[in-house]
Number of protein chains: 2
Amino acid sequence: MEKGTYRYRVESRDVDFTLKASLASLCDYILRAAGDDADRNNFGVRDLNCDGCSWVLLRMCVEIYRRLEEHEDFSVRTWVNDVNRMMTTRNMIVGDASGETVAAAVTQWAVIDTDKRRAVDVTARADFSYAIVKEPSPVKAPVRIPVIDSQSEQMRKVVYSDIDFNRHVGSVKYIGWFCDMLPEEIIMNKEAARLDINYIHESRFGQELRVGMSDGAQSSFEVSTADGQPVCRAVITWKETTPKTDALCPNV
Amino acid sequence: MEKGTYRYRVESRDVDFTLKASLASLCDYILRAAGDDADRNNFGVRDLNCDGCSWVLLRMCVEIYRRLEEHEDFSVRTWVNDVNRMMTTRNMIVGDASGETVAAAVTQWAVIDTDKRRAVDVTARADFSYAIVKEPSPVKAPVRIPVIDSQSEQMRKVVYSDIDFNRHVGSVKYIGWFCDMLPEEIIMNKEAARLDINYIHESRFGQELRVGMSDGAQSSFEVSTADGQPVCRAVITWKETTPKTDALCPNV
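Everything quoted here is computed from the prediction, not taken from an experiment. (Residues numbered from 1 in each chain as written. Chains lettered and ligands numbered in written order. Predicted model: local features only at pLDDT ≥ 70, side-chain atom pairs only at ≥ 80, totals over all residues. Heavy atoms only, no water.)

## Overview of the side chain of R233 of chain A
- Topologically, R233 of chain A is positioned in strand β11 (residues 230–240).
- One polar contact links the side chain of R233 of chain A to the main-chain carbonyl oxygen of I145 of chain A, over a distance of 3.2 Å. (Helix = DSSP H or I, 4+ residues; strand = E, 2+ residues; numbered from the N terminus. Polar contact = N/O pair within 3.5 Å; in protein donor to acceptor, adjacent residues only side chain to side chain.)

## Regarding the interface of chain B and chain A
- On the side of chain A, 38 residues touch chain B, which itself brings 38 residues to the contact.
- For the pair chain B and chain A, the summed buried surface comes to about 3900 Å²; carbon and sulfur atoms form 56% of the total.
- When residues of chain B are sorted by the area they lose upon contact with chain A, R13, Y160 and R167 of chain B head the list and together hold 22% of the total.
- At the junction of chain B with chain A, the criterion picks out 8 residue pairs in polar contact (both at pLDDT 80 or more).
- Contributing elements (two or more residues each) for the side of chain B that touches chain A: α1 (23–40), α4 (171–181) and α5 (184–189) of chain B.
- Looking at which element gives the most residues to the side of chain B that touches chain A, the answer is α1 of chain B, with 3 residues. (Contact = heavy atoms within 4.5 Å. Buried area = accessible area lost by both parts, 1.4 Å probe.)

## Overview of the packing of α1 of chain B against α4 of chain B
Residue and element names in this part refer to chain B.
- One way to put it is that α1 packs onto α4 with a least axis distance of 9 Å and a crossing angle of 165°. Accordingly, the angle class assigned to the pair α1 and α4 is roughly antiparallel. In this structure, α1 meets α4 at a crossing whose hand is right-handed. On the side of α1, the interface is formed by L23, A24, C27, D28 and L31, while α4 contributes S171, V172, I175, G176 and C179.
- Considered class by class, the residues forming the contact of α1 with α4 number 7 nonpolar, 2 polar and 1 charged. (Axes fitted to C-alpha atoms, helices over the stretch in contact; angles between N-to-C directions. Parallel < 35°, antiparallel > 145°, perpendicular 65-115°, else oblique. Left-handed = near helix turned anticlockwise from the far one by under 90°. Nonpolar A, V, L, I, M, F, W, Y, C, P; charged D, E, K, R; others polar.)

## Here we look at α1 of chain B
Residue and element names in this part refer to chain B.
- Taking 1.5 Å as the rise per residue, α1 with 18 residues should run 26 Å; its terminal C-alpha atoms sit 26 Å apart, in good agreement.
- Most of α1 is tucked away, with 13 of its 18 residues classed as buried.
- Count one or two residues on from α1 and you reach N42, which has phi positive near 60°. (Expected span 1.5 Å × (residues − 1). Buried < 20%, exposed > 50% of the residue type's maximum accessible area, 1.4 Å probe, protein only.)

## Topic: the relation of the copies chain B and chain A
- At an RMSD of 0.0 Å, chain B and chain A line up after a rotation of 180° and a shift of 0.0 Å along the axis. Here the two chains are linked by the operation of a two-fold rotation axis.
- In this assembly the copies share their binding face: 100% of the residues contributing to the interface of chain B also contribute to that of chain A. (Least-squares fit on C-alpha atoms with pLDDT ≥ 70 in both.)

## Quick word on the nonpolar core
- Counting residues in hydrophobic clusters, the biggest one holds 140 residues, and the most contacted among them are M60 and I175 of chain A together with M60 and I175 of chain B.
- If sequence neighbours within four positions are ignored, M60 of chain B has contacts with C27, I30, L31, V106, T107, P142, I175, L195, D196, I197 and Y199 of chain B. (Core = buried A, V, L, I, M, F, W, Y, C linked by side-chain atoms within 4.5 Å.)

## Here we look at unusual backbone geometry
All names here are of chain A.
- You will see that N42, though not glycine, has its phi angle at about 65°, which is positive.
- Along the chain, N42 falls in the loop between α1 (23–40) and α2 (45–49).
- What makes N42 exposed here is its relative accessible area of 56%.

## Digging into the domain arrangement of chain A
Residues and elements named next belong to chain A.
- We note that the domain assignment places domain 1 (1–142) and domain 2 (143–252) within chain A.
- Of note, the centres of domain 1 and domain 2, computed from C-alpha atoms alone, are 20 Å apart.
- The partner domain 2 presents 28 residues to the 25 residues of domain 1 that form the contact.
- Across the domain 1 to domain 2 interface the summed buried area is about 2100 Å²; carbon plus sulfur atoms make up 58%.
- Our enumeration of links across domain 1 and domain 2 arrives at 3 salt bridges.
- Between E191 and R67 there is a salt bridge whose closest N-O contact spans 3.6 Å.
- For the side of domain 1 that touches domain 2, the secondary-structure elements that each account for two or more residues are α1 and β2 (53–64). (Domains from an automatic or database assignment. Salt bridge = Lys/Arg side-chain N within 4 Å of Asp/Glu carboxyl O.)

## A look at helix α4 (residues 171–181) of chain A
- The element α4 of chain A is largely enclosed, with a buried count of 9 among its 11 residues.
- All of the buried residues along α4 of chain A are V172, Y174, I175, G176, W177, F178, C179, D180 and M181 of chain A.

## With respect to the pattern of salt bridges
- Taken as a whole and assessed by the stated rule, the structure comprises 38 salt bridges over all chains.
- Ionic pairing is found between R117 of chain A and E202 of chain A, a salt bridge with its closest N-O pair at 2.7 Å. A residue pair is termed long-range when its members are at least 10 positions apart, and R117 of chain A in the loop between β5 (101–113) and β6 (118–120) and E202 of chain A in the loop between β8 (190–199) and β9 (208–214) qualify at 85 residues. Comparing R117 of chain A with E202 of chain A shows no difference in burial state: the two are buried.
- Here E222 of chain A and R233 of chain A are joined by a salt bridge, their closest N and O atoms 3.1 Å apart. Taken together, the residues span a long stretch of sequence, with E222 of chain A in strand β10 (residues 218–225) and R233 of chain A in strand β11 at a distance of 11 residues.
- Under the relative-accessibility criterion, E222 of chain A is labelled buried at 9%.
- Linked through salt bridges whose partners overlap, the residues forming this network are R13 of chain A together with D14 and D28 of chain B.

The following block contains the structure:
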């Protein structure tokens, strides 16, 4: 089995005020490559849907070495290197047009029964060993993130645009919510070096959710339901960057 | 001058719970084609930026005949049919893979000086007559929308993910905000037949905005600043549709 390589381009919708791809849009392309490669191997979402199942993302980590710029062509090379009854591990290397690695990711997935919303043993359903490429993950696996002791919190209600094709809040939406909580000091002076994210329980249209953030050497985030059930946790490790010369607001 | 034709594909990120492209994502592709075609004709945003200017969208209308489905290939054919010192009119026809028209749009643009944030006379800067295709607009021009008498209102603060490469709230973001205000009864039973939107004044990071909605035969929306200055207005005309059999929430 060969690794799959998927070519994309940073569009205007993907960039922030720095004209570079946002963390959320990078993650979206990483997950898009996962979907494209699973489709190519006939175990994509639509293939699983025929069997009453779907893929669910459990954990992801992304390391970013350089932010891609608007209109830049890039590729995502992806491979599965482990399949067991609990989890499938899929890896990604993001490369620019010259072949330099600009980011790398490890994603861990389960298969769920879409009616019962319960995990199923993927190895009992089919033999996916043909899809495995025996090459190590490019970075350390996503960490398990403990409960966050939030210093600041916001409430938010799940709205129409949060809901994806799986009829729950999309994986990348949470990342957008976390970035929107960041103070201007971080937005202007830091860039994400690594994101770890755990998807614990799905959330659905109309739900009232609490989003908490804790600041420190890293920024930690937790989404929970109104009665305290954890939904999603993330940690972003920062690197200092040249302060952004373009202000977040244009001149008045 | 030939019309420009740009080919795209509905990605997973573009669809809602019905697995069809959302109104916001359709508008995003329409505006992307505008950008791609202006680049092709050497009067795109980056060309104007070299001259201290940029394009600003004044008004848009979109008529939707059929919603595109996830993974569907489609095209946007676009042409400019009028350039005067106040405004440029660019038209789009969205076609599916068989050539059927699924949507059509008319967009009206001005050029602004990016420092002074003031409109400039584009005809005094260059002769764009070479870019004009003398073919009528595919639908009635975007209407001027009067003040909305809101029945419901929400306050929202402009956050990081709302800000685009022009360092103000992106044109499509407002459309997403409006759709997120809709009651479930409309989300489940109606589809947009036509959107008209007026962009009156830009809004920026950190601003507190009021978003009002008025319901009736049409749904009308207005974004204004905390002190009442209008920012954006829109009207969506609905058509009845087969009630969506897939609930907005999956079965528990």
